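Structural overview
As a plain string of letters, each chain reads:
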Amino acid sequence: MKTLVSASILSADFGHLSDELLRAEESGCDMIHFDVMDGHFVPNISYGVPVLKSIRKYSGLPFDVHLMISDPNAYIEPFAKAGADGITFHLEATANPVGIIDKIHSLGLKAGVSVKPKTDVSLLYPLVGIMDMALIMTVEPGFDGQGFIYETLDKIKSLREYADSKSTDLDIEVDGGISDKTAHLVREAGANVLVSGSYLFRAADMASNCKLLKD
């Protein structure tokens, strides 16, 4: 499967977000990763619907919205209206993942489901064939700049093998500690969508770093 790079604006210069979005697009990134944190599901607060609505017009790339919040169901429609192209929520935040996936699909968006590093990846198996993407967190969600958790590679491999056994071209996304040092490892394990923040936005040459993630 083709490797896609999703640039996480959590690491961007918030004072110049429109310029940062353009830089990501011109550097060869395929998506914009938009992390939403509520200070409850994860111990940090980021940004929400008004920010997405205000920056949507500055990029032609798909917006990959990652909801790290306690009540994802309540925010599906607002983020869809603000310009999300896909919405990923956490399996740990709901008892009804199928219902939320259906709601996302009903709004014409792609639906993703994420799990934290310590969550059993087999809990995602019943959703293979229903969700469009699975997001395996390769760090504990909440803050950027963390070190990659190598134990998550087995989870990526297991999920890819299961999806292949069901003849499903599932997008497997990884988020956390992704750089030229770890990109080849997650790709070999079966991931094809790589979220990267610090490695891209804090680079002197973002285009070169984006290419390294893909190559």
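As a reminder, the structure under discussion sits directly above these lines.
The structure reproduced in this document is the subject of the present report. (Residues numbered from 1 in each chain as written. Predicted model: local features only at pLDDT ≥ 70, side-chain atom pairs only at ≥ 80, totals over all residues. Heavy atoms only, no water.)

1. Concerning the environment of V49
By the secondary structure assignment, V49 is in helix α2 (residues 49-55). When the C-alpha positions of V49 and G83 are compared, they lie 9.1 Å apart, and in sequence the two are 34 residues distant. Not counting residues up to four positions away in its chain, the partners in contact with V49 are P78, F79 and A82. (Helix = DSSP H or I, 4+ residues; strand = E, 2+ residues; numbered from the N terminus. Contact = heavy atoms within 4.5 Å.)

2. As for the pattern of salt bridges
Scanning the model with the defined rule gives six salt bridges in all. Taking the shortest distance from any N to any O, the salt bridge between R56 and D85 comes out at 2.7 Å. Highlighted residues: R56 in the loop between α2 and β3 (63-68) and D85 in the loop between α3 (76-82) and β4 (86-90), separated in sequence by 29 residues. Overall, the relative accessible area of 18% leaves R56 in the buried class. For K81, the salt bridge goes to E77, with nearest N and O atoms at 3.3 Å. Of this pair, K81 and E77 both sit in helix α3, four residues apart, which is roughly one turn of that helix. Residue classification places K81 among the exposed positions, given a relative accessible area of 66%. (Salt bridge = Lys/Arg side-chain N within 4 Å of Asp/Glu carboxyl O. Buried < 20%, exposed > 50% of the residue type's maximum accessible area, 1.4 Å probe, protein only.)

3. Examining the packing of aromatic side chains
Throughout the structure, instances matching the rule amount to five aromatic pairs. With centroids separated by 6.4 Å and ring planes inclined at 65°, the aromatic side chains of F34 and F79 adopt a geometry described as edge-to-face. Of this pair, F34 sits in strand β2 (residues 31-37) while F79 is found in helix α3, placing the two residues 45 residues apart along the sequence. The exposure classification of F34 matches that of F79, with both residues buried. Seen from their ring centres, Y125 and Y162 are 4.1 Å apart, and the 5° between their planes marks the pair as stacked. Of the two residues, Y125 is situated in the loop between β5 (110-115) and β6 (133-137) and Y162 in helix α5 (residues 152-165); the sequence distance between them amounts to 37 residues. (Phe/Tyr/Trp six-rings, centres within 6.5 Å; stacked < 30°, edge-to-face > 60°.)

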